[in-house]
8 protein chains.
Amino acid sequence: MENLLVGVRDGSISIDEAVLKLRKAPFEDIGYAKLDTHRELRQGVPEIIYGAGKSAEQIIGIIDKMKETGQETILITRIDEAKAADISKKHDIEYSAQGKIAVCGTVSVPDGIGTILIATGGTSDIPVAEEAAVTARALGNEVKCIYDVGVAGIHRLLSHMDDIMSSSVIIAIAGMEGALASVIGGMADCPVIAVPTSVGYGASYEGISALLSMMNSCASGVSVVNIDNGFGAGYMASMINHMNRHRVV
Amino acid sequence: MENLLVGVRDGSISIDEAVLKLRKAPFEDIGYAKLDTHRELRQGVPEIIYGAGKSAEQIIGIIDKMKETGQETILITRIDEAKAADISKKHDIEYSAQGKIAVCGTVSVPDGIGTILIATGGTSDIPVAEEAAVTARALGNEVKCIYDVGVAGIHRLLSHMDDIMSSSVIIAIAGMEGALASVIGGMADCPVIAVPTSVGYGASYEGISALLSMMNSCASGVSVVNIDNGFGAGYMASMINHMNRHRVV
Amino acid sequence: MENLLVGVRDGSISIDEAVLKLRKAPFEDIGYAKLDTHRELRQGVPEIIYGAGKSAEQIIGIIDKMKETGQETILITRIDEAKAADISKKHDIEYSAQGKIAVCGTVSVPDGIGTILIATGGTSDIPVAEEAAVTARALGNEVKCIYDVGVAGIHRLLSHMDDIMSSSVIIAIAGMEGALASVIGGMADCPVIAVPTSVGYGASYEGISALLSMMNSCASGVSVVNIDNGFGAGYMASMINHMNRHRVV
Amino acid sequence: MENLLVGVRDGSISIDEAVLKLRKAPFEDIGYAKLDTHRELRQGVPEIIYGAGKSAEQIIGIIDKMKETGQETILITRIDEAKAADISKKHDIEYSAQGKIAVCGTVSVPDGIGTILIATGGTSDIPVAEEAAVTARALGNEVKCIYDVGVAGIHRLLSHMDDIMSSSVIIAIAGMEGALASVIGGMADCPVIAVPTSVGYGASYEGISALLSMMNSCASGVSVVNIDNGFGAGYMASMINHMNRHRVV
Amino acid sequence: MENLLVGVRDGSISIDEAVLKLRKAPFEDIGYAKLDTHRELRQGVPEIIYGAGKSAEQIIGIIDKMKETGQETILITRIDEAKAADISKKHDIEYSAQGKIAVCGTVSVPDGIGTILIATGGTSDIPVAEEAAVTARALGNEVKCIYDVGVAGIHRLLSHMDDIMSSSVIIAIAGMEGALASVIGGMADCPVIAVPTSVGYGASYEGISALLSMMNSCASGVSVVNIDNGFGAGYMASMINHMNRHRVV
Amino acid sequence: MENLLVGVRDGSISIDEAVLKLRKAPFEDIGYAKLDTHRELRQGVPEIIYGAGKSAEQIIGIIDKMKETGQETILITRIDEAKAADISKKHDIEYSAQGKIAVCGTVSVPDGIGTILIATGGTSDIPVAEEAAVTARALGNEVKCIYDVGVAGIHRLLSHMDDIMSSSVIIAIAGMEGALASVIGGMADCPVIAVPTSVGYGASYEGISALLSMMNSCASGVSVVNIDNGFGAGYMASMINHMNRHRVV
Amino acid sequence: MENLLVGVRDGSISIDEAVLKLRKAPFEDIGYAKLDTHRELRQGVPEIIYGAGKSAEQIIGIIDKMKETGQETILITRIDEAKAADISKKHDIEYSAQGKIAVCGTVSVPDGIGTILIATGGTSDIPVAEEAAVTARALGNEVKCIYDVGVAGIHRLLSHMDDIMSSSVIIAIAGMEGALASVIGGMADCPVIAVPTSVGYGASYEGISALLSMMNSCASGVSVVNIDNGFGAGYMASMINHMNRHRVV
Amino acid sequence: MENLLVGVRDGSISIDEAVLKLRKAPFEDIGYAKLDTHRELRQGVPEIIYGAGKSAEQIIGIIDKMKETGQETILITRIDEAKAADISKKHDIEYSAQGKIAVCGTVSVPDGIGTILIATGGTSDIPVAEEAAVTARALGNEVKCIYDVGVAGIHRLLSHMDDIMSSSVIIAIAGMEGALASVIGGMADCPVIAVPTSVGYGASYEGISALLSMMNSCASGVSVVNIDNGFGAGYMASMINHMNRHRVV
């Protein structure tokens, strides 16, 4: 903004132009979706396309536009195999069928503080874990996964104590009773991001049981993202793992 | 019923009398509450008075009536100190202020299979644990309590591994995330009765979070009673611990 | 653990080995699921495979691994007929289409304290009852089933008074109003495990009505497992019916 | 309306008057509450004052106005003892402290088809039963009450089989699991009005458990009124018991 | 029971026989469902088969059995057209595709006190209304239906004032805001049975909005049955409309 | 009414006729739905057909009838493409596949006070926005749409400040967190109609999260319609934008 | 903004100053609450103080500050009588004890399009109505109130048809079943703002029943504000009633 | 563990002692609460006492014990002024009456990566913010607070853009619609911890509206802690702000 005002003062930019620039600059409009081209600069991360409810054509259009503006890494979440196949005809993507997530472009070299550990309570929570893992890797993190370490067999979890104690951020993913986050939160000395999953039956009510359980965690250093939101957890964990990038102001 | 029919056949009992007996036998009426004098015979346990919403006078009246019918042990649940004081003027009772529960009469000598272990997640769950402990002791059980062993500090629970492995029934009491039941259920090789408590704030919603969490326990051998229902847990645990009394039929 | 420490003391086990053993011993890892080979010893029961969300191939792989470790009885829950057919090509299983549950291997001879009675409120609750019955039988219990004895026709239930009075554990299964557990709990002198079912329409809300109803049972000696959790009820009932196995410590 | 139109035709009523009459006739306005003076004619019953949230002065004012219009019986619901005492200084009322309900004026001689039976699950449900009983008696019904016959001790209820089989309408009042309505509905051959109560603790959630349970009753011939709505049940039962008054049209 | 006791006294019936008879009489066991052959006698109405979750073969089997025991009218609810077609190959039935309900056997001549009026808020509520209408007619009632008279166009309802004022019972069926019951309840001088329907979208939450609305009706003389329970409403209305059948005891 | 009464007085209209006329006038009965032919006169707007649950034939029948009574504009909501195709064989309609809404007949020339602005939080909310836009245009309004301006990228919304400040009514449509309405409500000086959408996953619970969020908006001048109710929002906005039509009475 | 840029260009405003001005202008900081002194200009209405949770001293401080900036009318909502008394010692206010709302300063002369009609279902809804009425009057509207016209006595509402047909905006306030909004919405040809109230007992659940009912209104032209939010309704109604003030842009 | 095993091997430690040591080390038992004296070492942070439900005496006892074990900073949460006064007689504490939180002992010098910004939607959210601020400062963080910047007046928030862009972690605290977290999450390039508060009325349902809203935030980099859990947010934020302390393993 300062540059612009300098331009106005020295006459190199007319007032009308200045007004227009201030309004138009931060994004481009492609009809069905606004594109935030300043995002990487502003937030230091790749652009994300939320794939659910968008056609392959729309997604390709958004990728085209992003590439034009110089975006190097693009994450596409919540797309099924058919859609991924259609997109891959036009753009090179790496697709995870389990996580229903694709990466388009170069993946950053890991440059975070440490390793992000992703733990799941059961084998049915793995798709959410995959979404988190692909996200975190694409954002430049070392990732390690341990699956099926739910609290009903606490010795399974305890045998991974080393991983738990040596990670820089942990993502704890669990459905049903959702206690994994509390137990890990009590053991670890790093931030824990909890992800409730909609896995289960009966009174699990599509994740509400796990969500409430995690919100009520007695362990300190635990915070929660939306049900099944593997992407959100991976993104948050990456942010924390990149606190070394923090600009002094 | 057979005796009665024999009486009818041999004429020692008239038909009208028989009809009347069949109807009147199983209980006595004292106006505001029906008294089930056959209960001890039928279920092999002391009679219980649910004290909430009953005046001290009403409770004394029920105790009087019960004693007349030969009841030796009487449990009175959910009574505050004032009410307990009033009752104790008329009847000898042992009162637990924390558990808000009193025992009137002789307490059975422990004759169960083993020890009932009562574990709580936090110190605020202790009142519910006390209600369970007094109940189980009055019903003839050895009881051991370990408090404040919630899953957010799993090493506290693990240090009691011996108790957990050697009990015959375990009562797991927890509010907030309610994961204690799952963790214990996965470690123990005996039945676990889970009691959600209304302890907590925010999204614990007066026990619903812990209740759902316990219903969704991934551990086998766990079943659940109502929120804050220490009495119910103690009673159920005693039943299980007295399976040695089971009559062969 | 003691044996191990003795080995360390007498030099027969090196310290590194000891550390490794303590960590690795209790389970084996087959990639997508951790296998708990110490479970039978620890909890005295067969291993369970929760079939929902696992492919026939994955289940076969788990069975293979379990058999290698000497597991004699394996229960596979929540599998449909197609999956069961695929598994039966590789392993001998006994499949219940109604209960969607299979048993692989030898079924234990009944050695419990008495008979487990399974009662349902309606005919639509039978699948849940079958899951409970197959589970309890596989775990070594005599099982008796009485179906369609809901409380809206109380004479149907009353005609089974003999069964109710002579069982050692009762499983009460009901949807809709879920009152069966209370009524049976008031008649029986043994523990009652209540299973709410998702049967019903309108305000039954997929079992929540029956669940709340059972949680609020006024009868003592009733505890509740998750909605439609026939397996969990059968397992808990078997544990109680095998209290004669309790090891004195 | 026909009389009015005849009056218009024969000129005895002017058009303006006719318009006015059509609008003003059915009620009188006393500032804070509209009084429906045509109600008894239209619905054949006394007028009701819902006392909650109205001051004693306001209630006295409404009674005054009602008496002026010739109302013979007035029911005042949901008033505490203090308010009742204030009202009784000005008007003769019969007050039930348990039911928190008062009757002002003459009570109709019972002229219904048969007896209304009021049954409660526990002793804590009695206040709601009293509200129902006073209402039904004031509306001209024979009423019989049986208390504390909850389904957890089904023999208590069964001993009243005669009453259940010989009533013309039954009001079943219960909190907690709320199963009383189903059991009675299955036994009786008359309409059953179910009233859930907010009695209970834990997962009874102020009556919602009993409400859902009653909505899901498997018995036919059962319908439900609002939680704790003893008045509504008494009113509905009276309507049914007075079907002999039905005007042929 | 008296006859039986007389038989016992005079020796014509042995005691064992007597016990057996008392237990066996009220039902016959046909495997998948127990039939109450005493029901018509006891409750004066046809037998009902709840068709949901039963195969055509099972239903035919139940009908066969019922006919053998002399049942003249049989209602089969919640069956789709395919099932109805299969049943009609074996038994003469009258099927309503809209109400998904069939009548097998003779329909009683209307012998109730008056007419049952069935009113719906919208056209989408008609299937529930049809279920109620077929039920009420089969049970011997004159039935009149008025559809699409929801309160958002109150003049439509008002134009049926004559019907509302002259019916003996009214069934008010509505989804969405469910206000129809209150408005009719305030106009009519007869009992009103309210049926919430699961019709609607958004915050109607499958009938819960209409259910709560009807439970909270400010009108007296309104009671509620389960969501979409047209049969239950028709049955209850018929019971009320046949209060002239009430046996003096 | 006055004219009618005059007719009654002067004898040109018989009393029976008068009664009939008063009752019959406001609607005509075509069997499956009653039509309010007076509606356009009374409310100054086209007639609406709620298409969900109606067959193409039924809709065509209603359109036929409406056209006979002189209706010029007819809106048909919630119809899929197949149904629209069937209707278009008989009547000229303009169909929006995205909004699942059709207009039949002439569309009014915009004659409102200003422009209605429709804003959505994401691209998935567009179908609801289209339903609102088509409705508002058919009712005679200038409409402008801005999509994908959700609050998580507030600069996108801020760049439309001019539109927001110059509209006469704004419709804010959003799922997930639903904050759009609050932010716009705080910026605009015109009424804002908020529409929660069922877009989202996890804890969005089919719109309940957005609904509660909008109900709790801290901004003044915001009111809410049902989840996904684009039509309702368009209708309400049009009403407000036509306050210039208000008849002085 | 243009002026500012001109200033920057001609050098009369430094760039730093420009940045500062753009940021500082719209509010002044008085520590515990930021005041938007531009608000009246921007939105054309008085400033509102939400009194709940603020001390009398804090409120007086805010009023002082507002008056300094030239604010002529100030509304203070949700204050009890004690707080109002304290404030009135320092500032002239007009306080409504029923609505718990005060006006400080001059009240605008009514200059809206027509009359705002406020209708309540019962007498207990009057406090919310008063809050709405005081708000609307303070904002320059003619207001008319009709109380106790709930739908359970529809003739009471119908007798006010003239008011309903001649108002420019209607506020419909009701608890319990909340149907008032739908009925009025179907009769009126003006926008209706619905306010659910927390009045009621049992299954009214503090307004949720009325809220859902109003959200599901079948009438067009109805939108909803928060439970008990009389102020919000009055504000919204005033906005609509002042559409004549709309600036052409 | 290795040292211990070495001791076992060389005989300096007996096996029984070894077992005991392994079990006893991590905590000391002081009766009413177990203390984790290893915690500071393990997690690098002060010990926390959750004050709710504990007496001043109990808290003093815990502090005594903690000080003995060398704990330098102790946080006591959820204590009212009376309790704080009692504690301060024995120990030097710094008490925040607004946040109901006290610090005992030395407060660490800020040594985090940057500044933690705490923003609230309204003035009523300040107590939760204070709890978070005291917590974060005690844990060694620079903290800045901006209050009353809710989204309904977005310009207030925008004027703090500098603070938002330059913080290392942000805590966003809001009740009612809870949108603050989304808006800040979209602007900031650092992790955002969202805290829903129970502030509000009507459909805010004690924080559930804000909780759901925050869970559904469309912004990336936002995670949520329990309702009103200012302490939890401060703790989590501190953990993230101290990622510079992360030990390389």
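None of the values given here were measured: they were computed from a predicted structure.

Counting its secondary structure elements, chain A contains 11 helices and 11 strands. Looking at chain A residue by residue over its 249 residues, the buried ones come to 64%. Partitioning the intrachain contacts of chain A with sequence separation of at least 6 by distance along the chain shows that 67% fall at a separation of at least 24. A total of about 8,800 Å² of accessible surface is found on chain A, and carbon and sulfur atoms cover 51% of it.

Residues and elements named next belong to chain H. At their nearest, the axes of helix α6 (residues 126-138) and helix α11 (residues 230-241) sit 7 Å apart, and the two run at 35° to each other. Two packed elements cross with a definite hand, and for α6 against α11 that hand is right-handed. Of the residues in α11, those touching α6 at Val128, Glu131, Ala132, Thr135 and Ala136 are Gly230, Phe231, Gly234 and Tyr235.

The end-to-end C-alpha separation of helix α11 (residues 230-241) of chain F is 16 Å, in line with the 16 Å expected for 12 residues at 1.5 Å each. Inspection of α11(F) places F:Gly230, F:Phe231, F:Gly232, F:Ala233, F:Gly234, F:Tyr235, F:Met236, F:Ala237, F:Ser238, F:Met239, F:Ile240 and F:Asn241 among the buried residues, and these make up the whole buried set.

Moving on, we come to unusual backbone geometry. For C:Lys100, which is not glycine, the phi torsion reads 50° and is therefore positive. For C:Lys100, the position within the fold is in the loop between β5 (93-96) and β6 (101-105). C:Lys100 sits in the partly exposed class, given a relative accessible area of 42%. Here D:Asp228, not a glycine, exhibits a phi torsion of approximately 65°, which is positive. Tracing the chain through its elements places D:Asp228 in the loop between β11 (222-224) and α11 (230-241).

This part covers the relation of the copies chain H and chain A. With an RMSD of 0.4 Å, the fit of chain H onto chain A corresponds to turning through 180° and sliding 0.2 Å along the axis. Expressed as a symmetry operation, the mapping of one chain copy onto the other fits a two-fold axis. Proximity to the rotation axis, assessed at the C-alpha, singles out H:Val224 in chain H; its C-alpha lies 2.4 Å from the axis. A symmetric contact is evident, with 100% of the interface residues of chain H recurring at the interface of chain A.

All names here are of chain A. One can read the domain layout of chain A as domain 1 (2-105) and domain 2 (115-244). Contact residues are listed per partner, giving 14 residues for domain 1 and 12 residues for domain 2. The junction of domain 1 with domain 2 conceals about 1,100 Å² of combined surface from both sides, 68% of it contributed by carbon and sulfur atoms. Considering only the side of domain 1, the residues that lose the most area to domain 2 are Arg78, Gln98 and Ile101, jointly responsible for 39% of the buried surface there. Taken together, the connections running from domain 1 to domain 2 amount to one salt bridge. For Arg78, the salt bridge identified is with Glu131, shortest N-O distance 3.4 Å. Joining domain 1 to domain 2, the criterion identifies two residue pairs in polar contact (both at pLDDT 80 or more). Mapped by element, the contributors of at least two residues to the side of domain 1 that touches domain 2 are α3 (39-43), β4 (73-77) and β6 (101-105). Considering each element in turn, the side of domain 1 that touches domain 2 owes the most residues, three residues, to β4.

Let us now look at the sheet that holds strand β3 (residues 47-50) of chain F. All names here are of chain F. In spatial order, the strands read β3-β4-β6-β5; together these four strands make up an open sheet with mixed pairing. Since the sheet does not close on itself, it has two edges, and those belong to β3 and β5 (93-96), each with one partner. Looking at each pair of strands side by side, their axes are set apart by 20° on average, direction ignored. Both β3 and strand β4 (residues 73-77) contribute to a ladder of four bridges, which runs parallel. Bridging across to β4, Ile48 finds its partner in Leu75. Against the sheet, helix α4 (residues 56-68) engages β3, β4 and β6 (101-105), with an angle of about 170° to β3.

Moving on: the interface of chain H and chain A. Taken together, the contact pairs 37 residues of chain H with 38 residues of chain A. When the two sides are added together, the surface that chain H and chain A hide from each other amounts to roughly 3,200 Å², 63% of it contributed by carbon and sulfur. Linking chain H with chain A are zero salt bridges, by the criterion used here. At the boundary of chain H with chain A, the tally comes to six residue pairs in polar contact (both at pLDDT 80 or more).

Looking now at the sheet that holds strand β3 (residues 47-50) of chain G. Residue and element names in this part refer to chain G. Taking strand neighbours across the sheet as the criterion, the four strands line up as β3-β4-β6-β5 in an open arrangement whose pairing is mixed. The open sheet has two free edges, formed respectively by β3 and β5 (93-96), since each of these has just one partner strand. The sheet shows a mean angle of 20° between the axes of neighbouring strands, direction not considered. Judged from the four bridges that link them, β5 and strand β6 (residues 101-105) form a sheet pairing that is antiparallel. Its bridge partner lying in β6, Ile93 is registered against Cys104. Where helix α4 (residues 56-68) meets the sheet, it contacts β3, β4 (73-77) and β6, and its direction lies at approximately 170° from that of β3.

Next up on the list: the pattern of salt bridges. Two side chains with opposite charge may pair up if their charged atoms get near one another. Residues and elements named next belong to chain A. Applying the stated rule across the entire model yields 32 salt bridges over all chains. Put simply, Lys144 and Asp163 hold a salt bridge, and the shortest N to O gap is 2.9 Å. Remark: Asp163 occurs in helix α8 (residues 161-166) and Lys144 occurs in strand β8 (residues 142-146); sequence separation between them is 19 residues. Note on Lys144: relative accessible area 38%, which makes it partly exposed.

Moving on, we get to helix α5 (residues 81-88) of chain A. All names here are of chain A. Taken together, the buried positions of α5 are Lys83, Ala84 and Ile87. Burial along α5 is one-sided: seen end-on, the buried residues are contained in an arc of 100°. Facing away from the buried surface of α5 by more than 90 degrees, the exposed residues are Glu81 and Ala82. Buried-residue contacts for α5 involve α4 (56-68) and β5 (93-96).

Let's shift gears to the side chain of F:Asn229. In this structure, F:Asn229 sits in the loop between β11 (222-224) and α11. Looking at F:Asn229, its side chain comes within polar contact range of the main-chain nitrogen of F:Gly232, at 2.9 Å.

Rules used in this analysis
Residues numbered from 1 in each chain as written. Chains lettered and ligands numbered in written order. Predicted model: local features only at pLDDT ≥ 70, side-chain atom pairs only at ≥ 80, totals over all residues. Heavy atoms only, no water. Helix = DSSP H or I, 4+ residues; strand = E, 2+ residues; numbered from the N terminus. Buried < 20%, exposed > 50% of the residue type's maximum accessible area, 1.4 Å probe, protein only. Contact = heavy atoms within 4.5 Å. Areas by Shrake-Rupley, 256 points an atom, 1.4 Å probe, with all protein chains shown as cover. Axes fitted to C-alpha atoms, helices over the stretch in contact; angles between N-to-C directions. Left-handed = near helix turned anticlockwise from the far one by under 90°. Expected span 1.5 Å × (residues − 1). Least-squares fit on C-alpha atoms with pLDDT ≥ 70 in both. Domains from an automatic or database assignment. Buried area = accessible area lost by both parts, 1.4 Å probe. Salt bridge = Lys/Arg side-chain N within 4 Å of Asp/Glu carboxyl O. Polar contact = N/O pair within 3.5 Å; in protein donor to acceptor, adjacent residues only side chain to side chain. Pairing = 2+ DSSP bridges. Arc of directions from axis to C-beta.

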